[in-house]
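So you can see what is in the structure, the chains are spelled out below.
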Number of protein chains: 2
Amino acid sequence: MSPQPNKRPGRTIRSVQIAFNIIDLLQEEAGIGVTRIADELGHSKSTVHSHLRTLEERRIIVREGDGYRLGLRFLDVASHVRDQIGNFDIVQKEVDSLADETGEIVQFGVEEYGMVSYLHKAQGDHAVETLSRVGTQQPMYSTSLGKTILAYLPAERIEEIAAEMEYEPKTANTITSPEELFEELETIREQGYGIDDEENINGLRCVSAPVKNDETILGAISITGPSSRFTEDRLHGELADYVRSAANVIELNTKFS
Amino acid sequence: MSPQPNKRPGRTIRSVQIAFNIIDLLQEEAGIGVTRIADELGHSKSTVHSHLRTLEERRIIVREGDGYRLGLRFLDVASHVRDQIGNFDIVQKEVDSLADETGEIVQFGVEEYGMVSYLHKAQGDHAVETLSRVGTQQPMYSTSLGKTILAYLPAERIEEIAAEMEYEPKTANTITSPEELFEELETIREQGYGIDDEENINGLRCVSAPVKNDETILGAISITGPSSRFTEDRLHGELADYVRSAANVIELNTKFS
DNA sequence: TATATCTGTTCCCGCTTGGGGAACGCCCCG
DNA sequence: CGGGGCGTTCCCCAAGCGGGAACAGATATA
């Protein structure tokens with residue numbers, strides 16, 4: 001089921017795997033019970049039962065009606081996780097105010113496991129609706145956030161991530177080869193911001209600026225909007241300035257060892 | 001370490017417990033390594049090591065510098081969890097707009113495991129800063145959200161929760177006995193909204209209105225502010241009206257079986 | 001440079017424990 | 001009343017997990 005060439009094999013604990021398989025399943029589909037879970041995962045009911053007991057005692061899951069769902073403890077964990085990543089308050093404030101000013105969608109993302117994770121998102125008044133939401137993971141080659149972050153990672157890490165990528169063409173403009181990607185990254189480093197010209201979703205363009213602490217990249221901030229409003233000129237002019245100054249504010253307010 | 005009279009003992013799985021002990025620990029303190037964790041939990045390094053491997057493979061945790069932290073996957077899980085609880089979009093929209101209108105703190109909470117969990121929070125322009133944030137769990141007897149939700153739960157569940165509570169006086173006004181509590185709940189049911197008169201934090205008052213679907217309570221919405229601005233009259237008048245109409249909007253927009 | 005002492009990692013052994021089969025109790029439906 | 005769905009319980013047996021100890025780097029100390 002998983003013969004992927006992962007780097008660190010080592011010993012892995014089966015019961016824990018099972019527990020997280022259950023959690024994953026409940027994340028996808030809430031409200032299912034012992035039998036259903038057992039079938040789905042290919043385990044005996046008794047096995048699943050003990051696991052559910054354990055998770056319930058831990059308040060990881062909750063029994064609701066005749067089925068289980070994930071518990072609200074995850075909300076608490078999530079807010080701790082965000083706090084552990086840099087200074088989240090500043091980021092939040094800056095993203096919100098940029099969304100207010102521009103009226104568009106503003107997002108902040110960081111890299112993890114070779115993907116971009118959205119830490120915060122704010123929608124301005126006339127923002128288009130997008131599917132992405134906080135917590136989502138997106139590939140790095142097809143988003144301006146991803147490409148911008150990637151551009152400022154250490155060279156070896158770039159190689160590593162680029163090698164593991166599967167370049168799947170999301171639109172006609174999606175980057176589909178390492179060569180294209182490296183060239184793009186070079187451009188980003190030169191101009192100091194990154195563009196997504198309908199490379200991830202048709203009709204949508206974005207600009208992103210990197211947020212750095214000294215020489216290490218923390219993440220990136222982006223504005224997203226419809227191509228109709230986001231002309232070439234605005235993208236490279238006004239909008240690029242917006243994200244760069246917002247990134248700057250975050251950088252200045254972010255002090256930690 | 002845990003001889004609490006929990007209802008459903010059953011069989012519980014040790015490795016899973018250990019795994020979640022590690023996660024709990026990392027939630028409290030990020031950036032620690034194998035040795036430290038092993039010491040803290042009283043396990044051997046090799047044991048902890050295999051667990052960390054498992055969690056890392058699962059992308060539950062991330063190795064960062066010389067230590068581990070919880071992964072961003074939790075953000076994704078959290079957003080799924082919120083979606084599974086009623087219709088979160090409506091709630092969010094309503095809470096945000098109420099915070100805008102009033103300029104104060106507005107929160108939405110639901111009951112789980114006899115406590116209130118905050119699902120969403122919005123701060124108006126001149127809102128006081130409070131410590132509570134999304135995901136936090138608070139006791140039900142000392143918050144207006146908690147008391148309001150409690151008031152509309154099925155009688156048997158009220159008994160159950162009230163019995164397990166430990167009434168710890170947070171301020172001079174905190175409810176400290178079941179009798180007081182039951183009386184308060186009666187009042188809430190009569191007037192259709194609940195008040196917190198500096199019962200949880202000195203200087204802060206709140207009003208909450210229940211959000212119901214048919215006859216089952218989904219949660220409650222509240223406004224919080226300093227006693228100086230939140231006079232008796234405003235609390236029971238204007239502010240109570242605000243939360244009740246917001247609750248109403250949510251109820252009307254929430255349709256599911 | 002050598003020595004000491006932290007890390008994290010690996011190996012292997014033996015006992016615990018957790019996974020599974022099967023039986024049971026319950027509820028709902030025919 | 002009987003059948004089939006659910007969750008729960010019991011018990012057994014091996015395999016999987018926890019732990020001790022040895023190993024390997026990295027950093028510091030002299």
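Here the structure is a predicted model, which means the values were calculated and not measured. (Residues numbered from 1 in each chain as written. Chains lettered and ligands numbered in written order. Predicted model: local features only at pLDDT ≥ 70, side-chain atom pairs only at ≥ 80, totals over all residues. Heavy atoms only, no water.)

A.B. asks: Can you help me understand the overall build of chain A in this one?
C.D. replies: Along its length, chain A carries nine helices and eight strands. The burial tally for chain A puts 54% of its 257 residues in the buried class. Within chain A, residue pairs in contact and separated by at least 24 positions form 57% of the contacts whose partners lie at least 6 positions apart. Carbon and sulfur atoms provide 46% of the accessible area of chain A, an area that totals close to 12100 Å². (Helix = DSSP H or I, 4+ residues; strand = E, 2+ residues; numbered from the N terminus. Buried < 20%, exposed > 50% of the residue type's maximum accessible area, 1.4 Å probe, protein only. Contact = heavy atoms within 4.5 Å. Areas by Shrake-Rupley, 256 points an atom, 1.4 Å probe, with all protein chains shown as cover.)

A.B. asks: So what exactly am I meant to see when it comes to the protein's contact with DNA strand D here?
C.D. replies: Within the structure, DNA strand D sits among 23 residues, and Arg14, Thr35 and His49 of chain A together with Ser46 and Thr47 of chain B are positioned closest to it. Atoms of DNA strand D within 4 Å of the protein: sugar and phosphate make up 58%, bases the balance. Ser44 of chain B is positioned such that a nitrogen or oxygen atom in its backbone is 3.3 Å from a phosphate oxygen of DNA strand D. Of all the elements in the fold, those that place two or more residues in the surface near DNA strand D are α1 (14–28), α2 (34–41) and α3 (45–57) of chain A together with α1 (14–28) and α3 (45–57) of chain B. A total of four residues in the surface near DNA strand D trace back to one element, the largest contributor, which is α3 of chain A. (Near = heavy atom within 4 Å. Polar contact = N/O pair within 3.5 Å; in protein donor to acceptor, adjacent residues only side chain to side chain.)

A.B. asks: Any chance you could explain the domain arrangement of chain A here in plain terms?
C.D. replies: Size of an interface: often given as the accessible area lost when the parts come together. Here the domain parsing of chain A yields domain 1 (14–71) and domain 2 (80–253). For domain 1 of chain A and domain 2 of chain A, the distance between their C-alpha centres works out to 36 Å. (Domains from an automatic or database assignment.)

A.B. asks: How should I be thinking about the pairing of strand β6 (residues 194–197) of chain A in this particular structure?
C.D. replies: When a strand is regular, its side chains alternate between the sheet's two faces. Residues and elements named next belong to chain A. Sheet topology places β6 next to strand β7 (residues 204–213); four bridges connect them, and they run antiparallel. Each residue of the ladder has a partner; that of Asp197, found in β7, is Arg205. Hairpin connection from β6 to β7: six residues lie between these consecutive antiparallel strands, with Glu198 at a positive phi of about 55°. (Pairing = 2+ DSSP bridges.)

A.B. asks: Which parts of the structure should I look at to understand the protein's contact with DNA strand C?
C.D. replies: Taken together, 23 residues are adjacent to DNA strand C, and Ser46 and Thr47 of chain A together with Arg11, Thr35 and His49 of chain B come closest. Between DNA strand C and the protein, one listed contact pairs a phosphate oxygen with a side-chain N or O atom of Arg14 of chain B at 2.9 Å. One of the side-chain nitrogen or oxygen atoms of Lys45 of chain B is found 3.0 Å away from a base nitrogen of DNA strand C. Elements with a contribution of two residues or more to the surface near DNA strand C: α1 and α3 of chain A together with α1, α2 (34–41) and α3 of chain B. In terms of residue count, the dominant contributor to the surface near DNA strand C is α3 of chain B (four residues).

A.B. asks: Is there a simple way to explain the packing of helix α5 (residues 88–102) of chain B against helix α9 (residues 232–253) of chain B in this structure?
C.D. replies: Helix packing for two helices is described by the angle between their axes and how far apart those axes are. Residues and elements named next belong to chain B. At a minimum axis distance of 10 Å, the contact between α5 and α9 shows a crossing angle of 160°. Classified by the angle their axes make, α5 and α9 are roughly antiparallel. Taken as a pair, α5 and α9 cross one another with a handedness that is right-handed. Taking contact as the criterion, the partners of Ile90, Val91, Glu94, Leu98, Glu101 and Thr102 in α5 are, on α9, Tyr242, Val243, Ala246, Val249, Ile250 and Asn253. (Axes fitted to C-alpha atoms, helices over the stretch in contact; angles between N-to-C directions. Parallel < 35°, antiparallel > 145°, perpendicular 65-115°, else oblique. Left-handed = near helix turned anticlockwise from the far one by under 90°.)

A.B. asks: Is there a simple way to explain the sheet that holds strand β3 (residues 105–112) of chain A in this structure?
C.D. replies: Sheet strands pair via backbone hydrogen bonds, and the direction of the pair is either parallel or antiparallel. Residue and element names in this part refer to chain A. Across the sheet, six strands lie side by side as β5-β4-β3-β8-β7-β6; this open sheet has antiparallel pairing. Every other strand in the sheet has two partners, leaving β5 (137–139) and β6 as the edge strands with one partner each. Across the sheet, the mean angle separating the axes of adjacent strands is 30° when strand polarity is ignored. The sheet contact formed by β3 and strand β8 (residues 216–226) spans five bridges and is antiparallel. Across the sheet, Val106 pairs through a bridge with Ile223, a residue of β8.

A.B. asks: So what exactly am I meant to see when it comes to the UniProt feature "domain: HTH iclR-type" (unreviewed entry) in chain A here?
C.D. replies: Annotation from UniProt places "domain: HTH iclR-type" (unreviewed entry) at residues 13–72 of chain A. The span residues 13–72 of chain A is 60% helix and 10% strand, and its two end C-alpha atoms sit 26 Å from each other. (UniProt positions renumbered as here; feature names shortened; annotations may be inferred.)

A.B. asks: Whenever I open this one, the relation of the copies chain B and chain A confuses me. Can you help?
C.D. replies: What relates the pair of chain copies is a rotation about an axis plus a shift along that axis. When chain B is fitted to chain A, the best match, at an RMSD of 0.0 Å, comes from turning it 180° and sliding it 0.0 Å along the axis. Such a combination of rotation and displacement between the chain copies is what one expects of a two-fold axis. Nearest to the rotation axis, the C-alpha of Val16 of chain B is located 2.6 Å from it, this being the minimum over chain B. The share of interface residues of chain B whose copies in chain A are also at the interface is 100%, consistent with both copies meeting through the same surface. (Least-squares fit on C-alpha atoms with pLDDT ≥ 70 in both.)

A.B. asks: Just to check I follow, could you spell out the interface of chain B and chain A for this structure?
C.D. replies: With 59 residues of chain B in contact, the opposing surface of chain A contributes 59 residues. Inspection of the region where chain B meets chain A yields eight salt bridges. Arg133 of chain B serves as the salt-bridge partner of Asp83 of chain A, at 2.1 Å between the closest nitrogen and oxygen. For the pair chain B and chain A, the interface holds 36 residue pairs in polar contact (both at pLDDT 80 or more). Breaking the side of chain B that touches chain A down by element, the ones donating at least two residues are α1, α3, β1 (61–63), β2 (68–70), α4 (73–84), β3 (105–112) and β4 (115–123) of chain B. The element best represented in the side of chain B that touches chain A is α4 of chain B, accounting for 12 residues. (Salt bridge = Lys/Arg side-chain N within 4 Å of Asp/Glu carboxyl O.)

A.B. asks: I keep staring at the sheet that holds strand β8 (residues 216–226) of chain B and nothing clicks. Help me out?
C.D. replies: Residues and elements named next belong to chain B. A sheet is described by the order of its strands in space; here six strands give the open sequence β5-β4-β3-β8-β7-β6, paired in antiparallel fashion. Of all strands in the sheet, those bounded by a partner on one side alone are β5 (137–139) and β6 (194–197). Going across the sheet, the axis of each strand differs from the next one's by a mean of 30°, ignoring polarity. The strands that α9 touches are β3, β6, β7 (204–213) and β8; relative to β7, the one it contacts most, it runs at about 30°.

A.B. asks: What's the story with the side chain of Gln107 of chain A in this structure? I'm lost.
C.D. replies: Residue and element names in this part refer to chain A. Mapped onto the elements, Gln107 comes out in strand β3. The exposure class of Gln107 is buried, given its relative accessible area of 5%. The contact partners of Gln107, leaving out residues within four places of it in the chain, are Val95, Tyr118, His120, Lys121, Ser132, Leu145, Ala220, Ile221, Ser222 and Thr224.

A.B. asks: Explanation requested: the side chain of Glu104 of chain A in the structure shown.
C.D. replies: Residue and element names in this part refer to chain A. Structurally, the position occupied by Glu104 is in the loop between α5 (88–102) and β3. When its relative accessible area of 1% is taken as the criterion, Glu104 is described as buried. At 2.6 Å, the side chain of Glu104 and the side chain of Arg229 are in polar contact. Here Glu104 is in contact with Ala99, Ala122, Gln123, Gly124, His126, Ala127, Ile223, Thr224, Gly225, Pro226, Arg229 and Phe230, once residues within four sequence places are set aside.

A.B. asks: Which parts of the structure should I look at to understand the pattern of salt bridges?
C.D. replies: Within the structure shown, the criterion is met by 30 salt bridges over all chains. Residue Asp197 of chain A is joined to Arg205 of chain A by a salt bridge in which the shortest nitrogen-to-oxygen separation is 2.7 Å. When salt bridges that share partners are traced, they join Asp24 of chain A together with Arg58 and Arg73 of chain B into one network.

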